[in-house]
Structure formats: structure tokens, C-alpha cells
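Spelled out, the chains give:
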Amino acid sequence: MQDNKAVAVPEPPTGRDRLRFIGPGVLWALAALATGELLFTPRVGAQYGYALVWALVAALLLKLFVTREIGRYSVVTGNRLLTGLSELPGPRRWAVWAILVPQLAVGVAAIAGIASAAGSAVALAIPGPVQLWTAVVIAAAAALVLFGRYSGVEWISRVLGLLLALGAVVAAVLVGPDLGEAAAGLVPTVPADLVVADILPWLGFLSNGAAGLMWYSYWIVSKGTGMSGARAAEPPDPTEFDDRQIGRLRRWLRTMTLDASLAVVGTGIITVAFLVLGVELLRPEGIVPAESDVARDLTMLFSEVFGSVGFWLMVAGLISAFWTATLTNVDGWKRLYTDGVRQVLPSRLTSRAWAQPEVISRTAVIAWLAVLPFTVFLIFGDPVALLTVAGSIEAVHIPLVAGLTLWLNRRSLPAALRAGRIATTIVTAAIVFFTGFALFYLWQQVAG
């Protein structure tokens, strides 16, 4: 460790300059737009109406505070979350193993589901089998991530995604939701016919799942927020920071909180819009988007309001949203797998040629995030079923990620930069909330 007083904490941005660091949250939100908001929210609305609005609000708020804790660690230390988790006491790298193993399954199922949903949307516009377009989507995403040439494509996709979100909000206003019924859904109640398997993946993916929450750490570091923008020869010890350094980092934490909060507010507006459309348009027709018809069913959300123009707008939006999600997820899991594998490898092996980050990264993208997901899709072929598996694992994994992050920050950050009592209580509530739904799911499986 070097002398902390020699470490210059970067000057926090002020005024308009803060906007330069509003970005990681947007990536975080876009990663889940195609799953939590666009796919599962209309399904939940079609099945349960407005009865679960309270769960929607709770999931968004609780995940915001979990995200802030993950961002807090990276802002103050300049490190990625897995780096800190690898140093927790106990068996060697046990926390990294606990994160990595479930995510190996989630990555395959999620990309298979998202890419096949994108393929089904492309098939509405261009003749051809869904299998072909799914292969094209996965191959294109993998190639762009491998060669790092996706910034332009990503910006186009973001614009189309924002247009889709705007269209959803306008359509939701035009269909005239029952505000009284929607407001009643804010009161926590459990529908008598609730099947937890229907909503667990929704809660898991809503705003973002366990993997997406951890990716926020990578995006914070890539953006150079807080200590990740410092030029330190050796990592400093945050517990030894002086008052001036702590003051600067507090202002960086406020910028990070603004970024995460804006993402959650935007996600909340979009989610409510899709919930309204699911309740008002799909529920009366008894339509629950599923299997290979998922894209065609979802086009009703716009075609019922805007006619044929709405149909094609929704097709373009679906292609863009599912494509962006595929690209973002391949990139996110590539980072997580590369970092995780490097962390758990014995030190004597890390110098081997096959264990270098670029080799692990390429192998992860080609084998685990392209070939394997496409193979899984060919075997199972149902986007909703694949994403249900992935989302359910994500929901169950969130309490672990939240608990480990809270513990890590308590151990490694100075008291002045840790979460206060209110924030700590809310993160603890997140652990209880998601654990409760996971146990409810297990109980229904055993009882039914």
C-alpha cells in the first residue's frame, strides 16, 4: 500500500459536467429493458391486472439501493465488485464461486431467450425461420463484442429503444388506464390465484437482475467515476483517507446516486406504461405472450392503439430492444466471466497463455455466450421458458449479491463513506423481499 495522502482523489464534477458521468445507469437500465419491462411486465399485467403494482414499486426501489451499494464500493475503491468479494474471509475465493457458478447458467439461458425473442421479431419483418434470425442475432452480437466495434450500433439501438419507451408511454395514456384500480394495486396484497413462478422472473429481471447489478460496478470503473479515475500506482487503503479525500468522494457518491436514480425513474415510467398496456389490451383478450408467438403477441400493444403504423413501430422497437439486450448481455457476462475465472484460478496458473484475460474473454464469448446459447435454443426453442429460468435464478441470487456487498462495504470502506442506517435498512429489506418470494416459490413447488 502506498501513502494515502499521496493519492489524488479526482475532482468531482459540478453543474453540467456531472452529465458526463450519467451513463452507467443507462446501460444498466437498457440491459433489462427487453426482459423485465418489455417481455414480462405485459405478461404480469395480462395475468394479474394491477394487483402487483406494489411489488413493482418495491422491486425498483430496493434494487436502487442495492445498486448504490455496488456503485459505492467501486467509487470509493476504484475496484470492481468481484475484486473485493475475492478478499472476503473464509475459504479461498468462496464468494466469487458463489457469484460465478449460478451466473454461468443464467448467461446461457438469458442470451438464448433474448436472442430467440429478437429472432422472432425479425421474422415478422423479414421472411425466414426464427432459427436463422436467432443465429444471426447471436453471431452479430458476439462479433461486435469480440472486436469492440459496437459503439455506433449501440447508440442507434439506444435511440430506437427510447422511441419505443416513448411510444409505450403515449400508448398507455391513450388507452386510458383505470387510475383507481391501479392505485389500489399499491396496497400490498397477494392475489388468490398467484403463481409465483409467473412473477419470480419478472421480479428478477425488473430494472435488472443479479448479473446486471454487478455489471454496474464494471461500468462505473470504465467511466472513471470516483477513485476509478485516479492514477494510483498501487491501490490505496480507503479506511485511511483524510477528510479532504472523503469530502471529494462523498460528492462522487452523489453523482453516482444521481445516475442510478435517473435510470430507476426512467425504468419505472416505462414499466408502468407496459403494465398498463398489458392490463388494458392483453388481459381482456386473454392473451399472455408466450413461446414463439411472443413477438407477434407483443405487437398488439401498439397496433391496437396506433393501427398498422403501430404494428411496424412495435416490430422495429422489439428488434431494437431485444438486439440491444443481447449485445449488452454478451458484453456484461463476458466481463463477469473473465474477471471471475481469473479470480478463482490458482495463482500458479494465472501466468499461463490460456489464462490471460483476452483468451478467457474470447473463449467466453464464442463458446459460452454464442455457441452454447444457440444450442440451448435449438433444444428448447421457447424464449419465455428460457428467460423464466434465467430470471428466476436472478431473483434468488439477488439476496446473496446484496448481502455480500453490504458486508464488503462494512469491512473495506471508512465509516464516513458507508451506507447510513436508512440505506442499510433498505438493502436488508431487499434481501428479505427477494428471499421471501424465493421461499414462496419453493413452497408452491412442494405443495403443488
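Residues numbered from 1 in each chain as written. Predicted model: local features only at pLDDT ≥ 70, side-chain atom pairs only at ≥ 80, totals over all residues. Heavy atoms only, no water.

**Q** Would you take a moment to explain the overall build of the chain for this structure?
**A** Secondary structure assignment for the chain yields 14 helices and 0 strands. The N-to-C order of helical and strand elements in the chain reads α-α-α-α-α-α-α-α-α-α-α-α-α-α. Taking 2.2 N^0.38 as the reference for a compact globule, 448 residues should give roughly 22 Å; the C-alpha atoms of the chain span a radius of gyration of 22 Å, in line with that estimate. Taken over the C-alpha atoms alone, the chain extends approximately 65 × 50 × 50 Å along its principal axes. Residues counted as buried form 57% of the 448 residues belonging to the chain. A total of about 18100 Å² of accessible surface is found on the chain, and carbon and sulfur atoms cover 64% of it. (Helix = DSSP H or I, 4+ residues; strand = E, 2+ residues; numbered from the N terminus. Rg over C-alpha atoms; globule rule 2.2 N^0.38 Å. Buried < 20%, exposed > 50% of the residue type's maximum accessible area, 1.4 Å probe, protein only. Areas by Shrake-Rupley, 256 points an atom, 1.4 Å probe, with all protein chains shown as cover.)

**Q** Honestly, helix H12 (residues 357-380) in this entry has me stumped. Any pointers?
**A** Since one α-helical turn is 3.6 residues long, residues separated by three or four positions face the same way. Between its first and last C-alpha atoms H12 spans 32 Å; for 24 residues at 1.5 Å apiece the expected length is 34 Å, and the two agree. Within H12, the axis deviates most sharply at Ala-364, by approximately 30°. Among all positions of H12, only Ile-360, Ser-361, Ala-364, Val-365, Leu-369, Ala-370, Pro-373, Val-376 and Phe-377 are buried. Residues of H12 that are buried make contact with helix H4 (94-125), helix H5 (130-147), helix H11 (294-344) and helix H13 (383-412). After H12 finishes, the residue Gly-381 shows a positive phi value of roughly 70°. (Expected span 1.5 Å × (residues − 1). Bend = angle between axes of the 7 residues up to and from the residue. Contact = heavy atoms within 4.5 Å.)

**Q** Explanation requested: the side chain of Thr-299 in the structure shown.
**A** Residue placement: Thr-299 occurs in helix H11. The residues touching Thr-299, leaving out its near neighbours within four places in the chain, are Leu-124, Phe-311, Met-314, Val-315 and Leu-318.

**Q** What am I meant to see in unusual backbone geometry here?
**A** Excluding glycine, residues mostly have negative phi values, and the peptide bonds linking residues are mostly trans. One non-glycine residue, Arg-93, lies in positive phi territory at about 60°. Residue Ser-207 is not a glycine yet carries a positive backbone phi of 70°. Looking at the element boundaries, Ser-207 is found in the loop between helix H8 (196-205) and helix H9 (210-223). With a relative accessible area of 0%, Ser-207 lands in the buried category.

**Q** Looking at this structure, how should I read the nonpolar core?
**A** Burial of nonpolar side chains together is a common tendency in soluble globular proteins. In this structure, Trp-202 and Trp-333 are the most contacted members of the largest nonpolar core, which totals 134 residues. Element by element, the count of residues in this core is highest for H11, at 20 residues. When residues no more than four places from it in sequence are discounted, the contact partners of Trp-333 are Gln-103, Val-106, Gly-107, Ala-110, Ile-111, Ala-211, Trp-215 and Leu-369. Val-108, Ala-112, Val-376 and Leu-386 belong to the second-largest nonpolar core, a separate cluster that totals 5 residues. (Core = buried A, V, L, I, M, F, W, Y, C linked by side-chain atoms within 4.5 Å.)

**Q** Where do I start with a nonpolar patch on the surface in this structure?
**A** Together, Val-159, Leu-163, Leu-166, Val-170 and Leu-174 give the surface a local cluster of nonpolar side chains, amounting to about 450 Å² of exposed area. Within the secondary structure, Leu-174 sits in helix H6 (residues 151-175). Overall, the relative accessible area of 56% leaves Leu-174 in the exposed class. (Patch = residues over 30% accessible without salt bridge, like charges linked within 9 Å, V, L, I, M, F, W, Y side chains within 5 Å. Salt bridge = Lys/Arg side-chain N within 4 Å of Asp/Glu carboxyl O.)

**Q** Looking at this structure, I do not really get the confidence of the model for the chain. What am I missing?
**A** Should the pLDDT be low somewhere, the predicted coordinates at that spot are not to be read in detail. Here the chain averages 87 in pLDDT, and 91% of its residues register 70 or above. The element-level mean pLDDT for the chain is lowest in H6, coming to 74, with helix H2 (residues 53-77) highest at 95. (pLDDT = per-residue confidence, 0-100.)

**Q** Help me understand the packing of H9 against H11, please; the structure alone is not making it clear to me.
**A** Working note: a packed helix pair is described by the angle between its axes plus the distance between those axes. Packing of H9 against H11 brings their axes to within 10 Å, and their N-to-C directions diverge by 85°. The pairing of H9 with H11 is recorded here as roughly perpendicular in orientation. Counting all contacts with H9, which are made through Ala-211, Met-214, Trp-215, Tyr-218, Trp-219 and Ser-222, the residues of H11 involved are Thr-328, Asn-329, Asp-331, Gly-332, Trp-333, Arg-335, Leu-336 and Asp-339. Here the contact of H9 with H11 is built from residues that sort into 7 nonpolar, 4 polar and 3 charged. (Axes fitted to C-alpha atoms, helices over the stretch in contact; angles between N-to-C directions. Parallel < 35°, antiparallel > 145°, perpendicular 65-115°, else oblique. Nonpolar A, V, L, I, M, F, W, Y, C, P; charged D, E, K, R; others polar.)

**Q** What is the right way to read the environment of Leu-298 from this model?
**A** By the element assignment, Leu-298 lies in helix H11. Given the relative accessible area of 0%, Leu-298 is considered buried. Counting along the chain gives 255 residues from Leu-298 to Arg-43, while the straight-line C-alpha distance between them is 9.4 Å. Among residues more than four places away in sequence, those in contact with Leu-298 are Leu-38, Leu-39, Pro-42, Pro-289, Met-314, Leu-318 and Phe-322.

**Q** Would you take a moment to explain the pattern of salt bridges for this structure?
**A** Side chains carrying opposite charge are able to pair once their charged atoms draw close together. Tallying each qualifying case throughout the model produces 6 salt bridges. Salt-bridge contacts for Glu-11 lead to Arg-248; the nearest nitrogen and oxygen are separated by 2.7 Å. Here Arg-248 lies in helix H10 (residues 243-282) and Glu-11 lies in the segment before helix H1 (24-48), a separation of 237 residues in the sequence. Note that Asp-331 and Arg-335 form a salt bridge whose closest N and O atoms lie 3.0 Å from each other. Of this pair, Asp-331 and Arg-335 both sit in helix H11, 4 residues apart, roughly one helical turn. Judged by its relative accessible area of 26%, Arg-335 is partly exposed. Taken together, the shared-partner salt bridges in this structure form one network comprising Glu-11, Arg-248 and Arg-251.

**Q** Even after reading the chapter, I still don't get the environment of Gly-167, so can you show me in this structure?
**A** The residue Gly-167 is located in helix H6 in this model. Along the sequence, Gly-167 and Gly-317 sit 150 residues apart, while their C-alpha atoms lie 9.3 Å from each other. Apart from the residues within four sequence positions on either side, Gly-167 is in contact with Phe-302 and Phe-306.

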